[in-house]
Amino acid sequence: MAEPRAIHRRLNVRLWLGGSWIGLLFFCAIFAGALAPHDRLAQDLMLQTLPPAWIDGAEPGYYLGTDSLGRDILARILYATRPALIVAIVASSAACAFGSLLGLMAGFFGGWTDRVISRLVDIWMAFPPVLLSILLVAVMGPGLSSVIIAIAVIDWTRFCRVVRAEAMQQRRMDYVDSAKAMGYGTGRIMAREVLPNVLPAILVLFSLEMGIAVIVEAILSFVNLSISTDDPTWGSMIAEGRSIVHQAWWVLVFPLLCLFLTVLAFSQFGEGLKERFDPVMR
Amino acid sequence: MRGDFGTSISLRESVTEVVFGRLPATLELAFLALAIAVALGGANAILAALWRGTATEAGVDLFNGVTLSIPDFLWGLIFILLFGVAIPIFDISGRVSPTLELPFVTPFFLIESLVRLRGDLFLDLLGHMIMPAMALALPLAAVVSQILKTSLKEAMHQDYALIARTKGFSETYVLWREALRNAVTPSLTVIGVQFTFLLGGTVIVERLFSYEGLGNLAIDAVINRDLPLIQGIVLLFAVLFVGINLTVDLCTVALNPRLRHG
Amino acid sequence: MSAPFLEIDRLSVRLRRGGAGRLLRQVSIAVAPGEVHGLVGESGAGKSMIGRAIFGILPRAVEVIEGAVRLGGTDLFALSDRRRRRLVGVTASLIPQDPLTALNPSKRIEVQMTDRLTKILGLTGAAARARALGLLEEVHIQDPARVFRSYPHELSGGMRQRVLIASAFAAEPRLIVADEPTTALDVTVQKQILKLIAEMQRRHGTALLFVTHNLGVVAKICQRVSVLYAGKIVEQTDVATLFAAPAHAYTRALMAATPRYDRPDESLAPVRPEVIEALAREIAASDADWREARLARGEGRA
């Protein structure tokens, strides 16, 4: 009685498109040196705020134009993929590791462990994330590591909730009982039996979290609380672009576009993963 | 704990005065955003529920998916480019045009402009507020829409909705007069929580639009390491959140007769 | 027999995207003014679908293939949505199965009883209230004013069903469809409610289509009966004949399976497989005939 076309044959557009953009980002990050036509830090006050190549008044070689200090926007955008991806990966991993561990414990052990951890999560989630991250970074001093720590500290609850729910479900299943009957220790059961079943949910969340991390980093560098050197980030480029948007729109548009596409890519990739792991749920 | 929060280091004024001086601007912005979100989200939830199973519903789902996945920060930037630069309709900075003379006695500019029947001022204020409010509103609108749509569809399937139709009432009537009040109650808690997120979002959105509110002040305070000011702002936000949760609880009880008798 | 008030004329209904089987197979039922007509069948036989067709609330997934439903001579399917709604709202009422879910939990009883009277029937607020209160007394509710002010969850199941019965009669309809009105109630309350419905019907002279799976109930209050199996009427006659000399094997099997309070020691006989098989053949045969006839007339998919 099933439809003649199998569901999972349909091309998972989100997965592929999202994945392609993410792959492109990694490529740019790794090969930024080779790809960038100019030095990302080189200022040239003779070439301030020049428009992109297809507009009158552009300087050849500066394809996306220059900013108010004469720096090449394309080069800066390419190099900016590095802090974005570093933050995305490291912060998400930290949040994931911490949150998943607590979630596993809460879901698997139940009782007091669960109660304490759940309470903690509830209280934590009541704080507005942006305000909290700004506070944390201000306290720790600006810089990429502060940003990473702040994101991990704020967003671990996301993983904890989901993993706890999954773990609770899995704990009730028969294979856990049989593992216990065979005498396996709790740690081993959690790692060997429960974790693999929880993994799909974690992966989906990880992808979404990377998008969130990129945004938070952008916001923090927008308010000047991220990297303190001249090294470009999309956030700081957007901040500069915002202040001269009426005179030189390109300084805002291109980093914004990259940020936008990156956030979209991570969230769609996550949705695509969800579809891939759970075709029944459509 | 004393009643006053001391003096702001960076501004050299009483923290209480500064904070309460800026609070109304943020409140006006947040509530404008809330109104937009409820109107927009509610309207398309009702639309999707009335035309459930058709392309309209699919369209609404798509719209919600898109608006939800883009954070308020990005929406703000997009609006700046679209309606501030590309098609310059709105102003992208500040709360009000600097050239205007302001006769206000309270910091509630928008409300006062209405009370004083100063349409010109009202429009100018609104023109400055509409983009940050929209940026804040869109993600909330998506949540409102999703939650309300699901609740509405469920309510329309209940027996009392079917009975109402046998009495001779149209589906539109049944949705508005029978289903809606039952659909709103379960949605309230979620909307309340999301509204607190919206309040948190004012921090960066106000900064983006140079809007002179509490959120913008918070960033300055943090950058300047103005501890007394930071304390005052954080506490005020905390009070606001508690207040919102309380209001939501009260509304839930008011709307659901089953909860009233303990 | 005078002209029927409710006339269901060879109504066939099926799932829009479903398989070949119909949910209702050329159902024809005629209910005269003031008549109490029983509609008997097991779960899934299609009894509710008939009620829904009358009131125009068929599920979206279901479509009418052919046939007509007439109220007072007017074909409902020939009317626009608006006019059909009005006609049904003015002339017919439903007594539903589950009194808990049939009442809106966030509206007071008063509103739920009077909304139709004021908005569809055009009574004034005062007249509507007076009529509703009067009916609450008719259904033996002790303190009508208090019930009026109450919310559904404050009343017992039996009380709620009384309210629903009062509501149904308040519109002074010419037809009432009672959809298994006692099934969701306690056994002790079932008898009372049944008596009440019979009493109200006698007093108001309303035509009543009584949908049930219980032959015992039919025996008590119905004048004529239609027996439904898999969407097809397999027997249709007056009550006396049905119980004295049932024509169809299925009816006989149903009666044998019904517990009899006056003969509690008799064991229940389940419906024998041969009967079911015979029914399946009968239905398949009539389906085939129907499809051929349609193809011959050049109508739609088989």
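Residues numbered from 1 in each chain as written. Chains lettered and ligands numbered in written order. Predicted model: local features only at pLDDT ≥ 70, side-chain atom pairs only at ≥ 80, totals over all residues.

**Topic: the overall build of chain B**
Reasoning step 1: In terms of regular secondary structure, chain B is built from nine helices and zero strands.
Reasoning step 2: Order of helices (α) and strands (β) in chain B, N terminus to C terminus: α-α-α-α-α-α-α-α-α.
Reasoning step 3: Overall, chain B is about 70 × 50 × 35 Å in size when its C-alpha atoms are taken along their principal axes.
Reasoning step 4: The proportion of buried residues among the 262 residues of chain B is 45%.
Reasoning step 5: Considering only residue pairs separated by 6 or more positions, chain B has 73% of its internal contacts joining residues 24 or more positions apart. (Helix = DSSP H or I, 4+ residues; strand = E, 2+ residues; numbered from the N terminus. Buried ≥ 20, exposed ≤ 12 C-beta atoms within 10 Å, placed from the backbone. Contact = placed C-beta atoms within 7 Å.)

**Here's the deal with the overall build of chain C**
Reasoning step 1: Counting its secondary structure elements, chain C contains 11 helices and 10 strands.
Reasoning step 2: Rg of the C-alpha trace for chain C: 20 Å, near the compact-globule value of 19 Å for 302 residues, within the 12% margin.
Reasoning step 3: Counting all 302 residues of chain C, 40% fall into the buried class.
Reasoning step 4: Pairs at least 24 apart in sequence give 66% of the contacts found in chain C among residues at least 6 apart. (Rg over C-alpha atoms; globule rule 2.2 N^0.38 Å.)

**Considering the packing of helix H6 (residues 157-170) of chain C against helix H7 (residues 187-204) of chain C**
All names here are of chain C.
Reasoning step 1: Viewed as axis vectors pointing N to C, H6 and H7 meet at an angle of 15°, and their least axial separation amounts to 11 Å. For the element pair H6 / H7, the angle class is roughly parallel. Relative to H7, the crossing made by H6 is right-handed. From H6, Gly 157, Gly 158, Gln 161, Arg 162, Ile 165 and Phe 169 reach across to H7, where they touch Val 189, Gln 192, Ile 193, Leu 196, Ile 197, Met 200 and His 204.
Reasoning step 2: Looking at the contact of H6 with H7 residue by residue, the classes come out as seven nonpolar, five polar and one charged. (Axes fitted to C-alpha atoms, helices over the stretch in contact; angles between N-to-C directions. Parallel < 35°, antiparallel > 145°, perpendicular 65-115°, else oblique. Left-handed = near helix turned anticlockwise from the far one by under 90°. Nonpolar A, V, L, I, M, F, W, Y, C, P; charged D, E, K, R; others polar.)

**Looking at the environment of Ile 197 of chain C**
Residue and element names in this part refer to chain C.
Reasoning step 1: Note on placement: Ile 197 falls in helix H7.
Reasoning step 2: As a C-alpha pair, Ile 197 and Ala 278 span 81 residues in sequence and 36 Å in three-dimensional space.
Reasoning step 3: If we ignore the near neighbours within four places in the chain, the residues touching Ile 197 are Ile 165, Ala 178 and Pro 181.

**Quick notes on the sheet that holds strand S7 (residues 175-179) of chain C**
Residue and element names in this part refer to chain C.
Reasoning step 1: Across the sheet, six strands lie side by side as S6-S7-S8-S3-S9-S10; this open sheet has mixed pairing. In this open sheet, the two strands that pair with only one neighbour each are strand S6 (92-95) and strand S10 (232-238). Neighbour to neighbour, the strand axes of the sheet diverge by 15° on average, direction disregarded.
Reasoning step 2: Bridging between S6 and S7 involves four bridges; their strand directions are parallel. Pairing of Leu 94 across the sheet is with Val 177, part of S7. (Pairing = 2+ DSSP bridges.)

**Observations regarding H7 of chain C**
Residue and element names in this part refer to chain C.
Reasoning step 1: Between its terminal C-alpha atoms H7 stretches 26 Å, which fits the 26 Å expected from 18 residues at 1.5 Å a residue.
Reasoning step 2: Among all positions in H7, only Ile 193, Leu 194, Ile 197, Met 200 and Gln 201 are buried. One side of H7 holds all its buried residues, which, seen down the axis, span an arc of 135°. Of the exposed residues in H7, the ones pointing more than 90 degrees away from its buried face are Thr 188, Lys 195, Arg 202 and Arg 203.
Reasoning step 3: Contact partners of the buried residues in H7: strand S3 (36-40), helix H4 (125-138), H6, S7, strand S8 (207-212) and helix H8 (215-221). (Expected span 1.5 Å × (residues − 1). Arc of directions from axis to C-beta.)

**What about the interface of chain B and chain C?**
Reasoning step 1: If you look at the interface, chain B gives 18 residues, while chain C gives 21 residues.
Reasoning step 2: For the side of chain B that touches chain C, the secondary structure elements donating two or more residues are helix H6 (159-166) and helix H7 (171-208) of chain B.
Reasoning step 3: Per element, the largest residue contribution to the side of chain B that touches chain C is six residues, and it comes from H6 of chain B.
Reasoning step 4: Its residues assigned to classes, the side of chain B that touches chain C comprises five nonpolar, seven polar and six charged.

**Here we look at helix H10 (residues 249-257) of chain C**
Reasoning step 1: Within H10 of chain C, the full set of buried residues consists of Tyr 250, Thr 251 and Leu 254 of chain C. The buried residues of H10 of chain C occupy an angular sector of 100° when the element is viewed end-on, so they sit on one face.

**With respect to the interface of chain B and chain A**
Reasoning step 1: With 23 residues of chain B in contact, the opposing surface of chain A contributes 23 residues.
Reasoning step 2: Looking at the side of chain B that touches chain A, the elements that each hand over two or more residues are helix H3 (72-86), H7, helix H8 (214-223) and helix H9 (227-255) of chain B.
Reasoning step 3: Broken down by element, the residue count for the side of chain B that touches chain A peaks at eight residues, all from H7 of chain B.
Reasoning step 4: Looking at the side of chain B that touches chain A residue by residue, the classes come out as 17 nonpolar, four polar and two charged.

**Comments concerning the environment of Asp 220 of chain B**
All names here are of chain B.
Reasoning step 1: Here Asp 220 shows up in helix H8.
Reasoning step 2: For Asp 220, a count of 16 C-beta atoms within 10 Å puts it in the partly exposed group.
Reasoning step 3: C-alpha separation for the pair Asp 220 and Arg 207, spaced 13 residues apart in sequence, amounts to 9.3 Å.

**Overview of the packing of helix H2 (residues 73-109) of chain A against helix H5 (residues 144-171) of chain A**
For any two helices packed against each other, the geometry comes down to the angle between their axes and how far apart the axes lie.
Residue and element names in this part refer to chain A.
Reasoning step 1: Relative to each other, H2 and H5 sit at 35°, their axes nearing to 5 Å. Seen along the crossing, H2 lies across H5 with a hand that is right-handed.
Reasoning step 2: Partitioning the contact of H2 with H5 into residue classes produces 26 nonpolar, five polar and six charged.

**Brief notes about the sheet that holds strand S2 (residues 22-31) of chain C**
Residues and elements named next belong to chain C.
Reasoning step 1: Strand order in the open sheet made by the four strands is S2-S1-S4-S5, with antiparallel pairing throughout. Each edge of the open sheet carries a strand with a single partner, namely S2 and strand S5 (74-75).
Reasoning step 2: The pairing of strand S4 (residues 62-71) with S5 spans two bridges and is antiparallel. Considered in S5, the bridge of Leu 71 is made with Thr 74.

**Some remarks on the environment of Leu 132 of chain A**
Residue and element names in this part refer to chain A.
Reasoning step 1: Considering the arrangement of structural elements, one finds Leu 132 in helix H4 (residues 129-140).
Reasoning step 2: The class of Leu 132 is partly exposed, set by 17 C-beta atoms lying within 10 Å.
Reasoning step 3: Spatially, the C-alpha atom of Leu 132 lies 43 Å from that of Glu 59, the residues being 73 residues apart in sequence.
Reasoning step 4: Leaving out residues up to four positions away in the same chain, Leu 132 has contacts with Phe 127 and Ile 154.

**Considering the pairing of strand S9 (residues 224-229) of chain C**
Residue and element names in this part refer to chain C.
Reasoning step 1: S9 sits mainly inside the fold: six of its six residues count as buried.
Reasoning step 2: Of the strand pairs in this sheet, S3 and S9 are connected by four bridges, and their pairing is parallel. The residue of S9 that forms the bridge with Val 40 is Val 227.
Reasoning step 3: The pairing of S9 with S10 spans six bridges and is antiparallel. The residue of S10 that forms the bridge with Val 227 is Glu 235.
Reasoning step 4: Where S9 hands over to S10, the hairpin turn is made up of two residues, of which Ala 230 adopts a positive phi near 50°.

**Re the pairing of S2 of chain C**
All names here are of chain C.
Reasoning step 1: With eight of its 10 residues buried, S2 lies for the most part within the structure.
Reasoning step 2: One ladder, built from six bridges, connects strand S1 (residues 6-15) with S2; its direction is antiparallel. Across the sheet, Leu 6 pairs through a bridge with Val 31, a residue of S2.

**Considerations on the confidence of the model for chain C**
Reasoning step 1: Mean pLDDT over chain C works out to 87, with 95% of the residues at or above the 70 mark.
Reasoning step 2: Complex prediction metrics read pTM 0.83 and ipTM 0.83. (pLDDT = per-residue confidence, 0-100.)

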